[in-house]
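Chain and residue survey
For reference, the chains in residue letters:
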Amino acid sequence: MTMSMAEPDSDIMNYLVRMVIPLKREFGRVLDVNEFLTSRPYAIEVIQQALLSKDERLREYAVYVQSKLFGPRASSHTDVQAPAAGAKAGAPAAARTAEPAPAPSPTDEELRAKMLDKYRAGLR
């Protein structure tokens, strides 16, 4: 599975580069950043290993990268969620408890208007 990162986030790249040396020192693992960004199984494997590290900084880097790449915003719609404890496997979808739909994200114009309002409010 390929992660779509046409323009990798510079913060993620920064943290990945910071992880190279500690992974090499502690685990003898050579971190291939390109492979990390294109191969989800490889990325998961590296993050899991980094989370087991004795080095606190390496663990912090792994948590950050994990949250950015695999956090709620990066989750795919094809992920299967486990049914609720009270729901049976054969129950129809309408009978299962539905989660509320997420609010639509604001448009660029709305975000720009909010930014300008904050800017004008700050001026004296």
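A quick note: this is a predicted structure, and the numbers were derived from the prediction, not measured. (Residues numbered from 1 in each chain as written. Predicted model: local features only at pLDDT ≥ 70, side-chain atom pairs only at ≥ 80, totals over all residues. Heavy atoms only, no water.)

**Focus: the packing of aromatic side chains**
Definition in use: Geometry of aromatic contacts follows a simple scheme: Phe, Tyr and Trp rings, the Trp one being its six-membered ring, pair when their centres are within 6.5 Å, and the pair is stacked under 30 degrees between planes, edge-to-face over 60, tilted otherwise. In this description a helix means any DSSP run of H or I spanning at least four residues, a strand means any run of E spanning at least two, and both kinds are numbered starting from the N terminus.
With the rule as written, the count across this model stands at two aromatic pairs. An angle of 80° between the planes, with centres 5.4 Å apart, marks the rings of Tyr15 and Tyr61 as edge-to-face. In this pair, Tyr15 is assigned in helix α1 (residues 10–27) and Tyr61 in helix α4 (residues 56–70), connecting sequence segments 46 residues apart. Residues Tyr15 and Tyr64 carry aromatic rings whose centres are separated by 4.2 Å and whose planes lie at 25° to one another, so their mutual orientation is stacked.

**Re α1**
Filter applied, for reference: Here the expected span of a helix is defined as 1.5 Å times the quantity of residues minus one. Here the bend at a residue means the angle between the axes of two seven-residue stretches, the one that ends at it and the one that starts at it. Only protein chains enter the accessibility calculation, which uses a 1.4 Å probe; a residue is then buried when its area is under 20% of its type maximum, exposed when over 50%, and partly exposed in between.
In a regular helix each residue adds 1.5 Å, so 18 residues correspond to 26 Å; α1 covers 25 Å between its end C-alpha atoms and thus fits that length. Largest kink in α1: about 25°, centred on Met19, with the proline Pro22 one to four residues after it. Buried residues of α1: Ile12, Leu16, Met19, Pro22 and Leu23, and no others. Gly28 lies just past α1 and shows a positive phi near 70°.

**A word on the packing of helix α3 (residues 40–51) against α4**
We apply this condition: Axes here mean lines fitted to C-alpha atoms, for a helix over just the part in contact, with angles spanning 0 to 180 degrees between N-to-C directions. Just so you know how the angles are binned, under 35 degrees is roughly parallel, over 145 roughly antiparallel, 65 to 115 roughly perpendicular, and the rest oblique. Each helix crossing is assigned a hand: it is left-handed if the near helix lies turned anticlockwise from the far helix by less than a right angle, otherwise right-handed if that turn is clockwise. Here, two residues are considered to be in contact whenever any of their heavy atoms come within 4.5 Å of each other. Amino acids are sorted into nonpolar (Ala, Val, Leu, Ile, Met, Phe, Trp, Tyr, Cys and Pro), charged (Asp, Glu, Lys and Arg) and polar (every other residue, Gly among them).
Interhelical geometry of α3 versus α4 gives an angle of 150° and a closest axis separation of 8 Å. Comparing their axes, α4 and α3 come out roughly antiparallel. With respect to the hand of their crossing, α3 and α4 are arranged in left-handed fashion. Judged by residue contacts, Arg40, Ala43, Ile44, Ile47, Ala50 and Leu51 of α3 engage Leu58, Arg59, Ala62, Val63, Val65, Gln66 and Phe70 from α4. Looking at side-chain class alone, the contact of α3 with α4 contains 10 nonpolar, one polar and two charged residues.

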